[in-house]
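Chain by chain, the residues:
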Amino acid sequence: MNHPRTASFQPAAANLPSLSSRTRHLLSRLLGIRRPDLLLARRLGALLSDRRYLAIGHRLYFGAWPDYEHPRTINEHIHAYMLRCRSPLLHIAADKALTRDHVARTVGRQYLVPTLGLWPDVASIPIRTLPRPCVLKPTVGSGQVLFLRTGEEINLCQTRLTLQRWLDTEYSRMNREWCYDRLRGKIIAETLLTDGHGDVPADYKLYVIGGAVRFIQVDRGRFRQHTRNLYDTDWQLLSARLSLQNHPPDPRPACLAEMIDITLRLAQCFEFLRVDCYIVDGRLYVGELTNYPGAGFERFIPHAYALELGALWPISGRTKAERIPPRPRPAPTPR
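In this text, all values refer to a predicted model and were calculated from it rather than measured experimentally.

> Help me understand the nonpolar core in this model?
Nonpolar side chains tend to gather and get buried jointly when the protein is soluble and globular. Counting 79 residues, the largest nonpolar core has Ile 74, Leu 130 and Val 286 as the members making the most contacts within it. Broken down by element, the residue count for this core peaks at six residues, all from helix α9 (residues 256-267). With five residues, the next largest nonpolar core counts Val 113, Leu 193, Tyr 278 and Tyr 285 among its residues.

Dropping the structure here:
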């Protein structure tokens, strides 16, 4: 796929951060660590095998040792999947550039978020002249995004340091997610999608387990007050939660059937996949594909729902009827 660069830009030594800038950036990172417990766990667990690392993390987070040979919860299944599956398909979902190729080839380019450029090195990115508003993110990794909004000043040196840190990070070792193994990331710039109020639009995340969409997660306020609802495919609000608090019920998307259809087409070759979508001005976009949501460390409330979802995971030798338990009952309709 061709990814046009937005403006002519000649890399120069002046664009490289100085030693003093790197030092200030490092100190700001150290003083602004949001999850020192997670950082410490990664440091202490660096020498552990992937299996032991995940098992200890599961014990500390969920309060029980996992059984990866006979997984029961969705979390155990995701961890077991991380440990055993080495299909090259996982690299497609783990690399945003490869994901775009897969989306274009499978369901059409009309579902892609417009891009402004793709760069293998930070010095080549024309940050100051990129059309705004836009977002910068690494093609390999999860959760990193930098907003460039109209009229906002940025610290160019700090921005380049942040982008370089993203490219230098070995994501396969952070949570032992094999899908990132040996993938070399680039920086991609995309047009910033917004809703009618200028905010980031709701994020629709569809979970495909055993060849069917089992539930749809809707995230709002991801960069402010993050909330989340879960729905079945008939758009009934479920009583279960996933890590976060609920927000008021979301209106049923007019393109719900289309969203489910393209999700199934994108996920048809995968054992398990989450497909992330946006809806802007009635138009449907595919944002990303996710192999291991939350690296298997997101908490379903109540825990029984994690067991029900785990029972949906395809297991060789079982009939379809044995794999699919009753669907969770919808939450009561608010009065």
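There's more to say after this.
> Help me understand the packing of aromatic side chains, please; the structure alone is not making it clear to me.
The relative placement of two aromatic rings is captured by the distance of their centres and the angle of their planes. For the coordinates displayed, the defined rule picks out 15 aromatic pairs. Each ring, one from Tyr 81 and one from Phe 272, has its centre 6.4 Å from the other, and the planes form 85 degrees; the classification is edge-to-face. Here Tyr 81, found in helix α4 (residues 74-84), pairs with Phe 272, found in strand β9 (residues 272-280); they are 191 residues apart in sequence, far enough to count as distant. Comparing Tyr 81 with Phe 272, the two get one shared label, buried.

> Help me understand the sheet that holds strand β4 (residues 187-191) in this model?
In any sheet, the strands associate via hydrogen bonds between backbone groups, in a parallel or an antiparallel arrangement. Reading across the sheet, the four strands line up as β1-β4-β2-β3 and stay open at both edges, with antiparallel pairing between neighbours. The open sheet terminates on both sides in strands that have one partner only, identified here as β1 (115-119) and β3 (146-148). Neighbour-to-neighbour, the strand axes of this sheet turn through a mean angle of 20 degrees, independent of strand direction. Looking at chain direction, strand β2 (residues 134-138) and β4 are connected through five bridges and run antiparallel. By the bridge assignment, Lys 137 is partnered in β4 with Ile 188. Along the sheet, helix α7 (residues 156-168) contacts β2, β3 and β4; its crossing angle with β2, the most-contacted strand, is approximately 40 degrees.

> Can you help me understand unusual backbone geometry in this one?
Among all residues except glycine, the phi angle is most often negative; among peptide bonds, the trans geometry is most common. Along the chain, Arg 132 connects to Pro 133 via a cis peptide bond; the corresponding omega equals 0 degrees. The topology assignment puts Pro 133 in the loop between β1 and β2. Of the consecutive residues Ile 301 and Pro 302, the connecting peptide bond is found in the cis state with omega at 5 degrees. Its place among the elements puts Pro 302 in the loop between β11 (300-301) and α10 (303-310). One non-glycine residue, Arg 176, adopts positive backbone phi at about 60 degrees. Phi is positive for Ser 243, which is not a glycine, with a value near 70 degrees. Summarising the element assignment, Ser 243 is placed in the loop between β8 (241-242) and α9.

> Just to check I follow, could you spell out the pairing of strand β10 (residues 283-290) for this structure?
Every other side chain in a regular strand lies on the same face of the sheet, so the side chains alternate between the two faces. Pairing analysis gives seven bridges linking β9 to β10, with the strands arranged antiparallel. Within β10, the position partnered with Tyr 278 by the bridge is Tyr 285. With antiparallel pairing between neighbouring strands as the criterion, β9 and β10 make up a hairpin whose turn holds two residues, including Asp 281 at a positive phi of roughly 55 degrees.

> Could you clarify how one ought to interpret the state of the cysteines in this entry?
Here a disulfide denotes one covalent bond, and it connects the sulfur atoms of two cysteines. Applying the stated criterion across every chain, the model contains zero disulfides. Not part of a disulfide, Cys 85 finds its nearest cysteine sulfur in Cys 179, a span of 10.0 Å. Just so you know, Cys 255 is unpaired, no disulfide at all, and the nearest cysteine sulfur is the one on Cys 277, 8.3 Å from it. Judged by relative accessible area, Cys 255 falls into the buried class, the value being 10%.

> Looking at this model, I keep getting lost on the environment of Ala 304. Mind explaining?
Summarising the element assignment, Ala 304 is placed in helix α10. Overall, Ala 304 belongs to the partly exposed group, its relative accessible area being 41%.

Reading guide: rules and limits
- Residues numbered from 1 in each chain as written.
- Predicted model: local features only at pLDDT ≥ 70, side-chain atom pairs only at ≥ 80, totals over all residues.
- Heavy atoms only, no water.
- Core = buried A, V, L, I, M, F, W, Y, C linked by side-chain atoms within 4.5 Å.
- Buried < 20%, exposed > 50% of the residue type's maximum accessible area, 1.4 Å probe, protein only.
- Helix = DSSP H or I, 4+ residues; strand = E, 2+ residues; numbered from the N terminus.
- Phe/Tyr/Trp six-rings, centres within 6.5 Å; stacked < 30°, edge-to-face > 60°.
- Pairing = 2+ DSSP bridges.
- Axes fitted to C-alpha atoms, helices over the stretch in contact; angles between N-to-C directions.
- Contact = heavy atoms within 4.5 Å.
- Disulfide = S-S within 2.5 Å.

Don't take any of this as a statement about function, it's just geometry.
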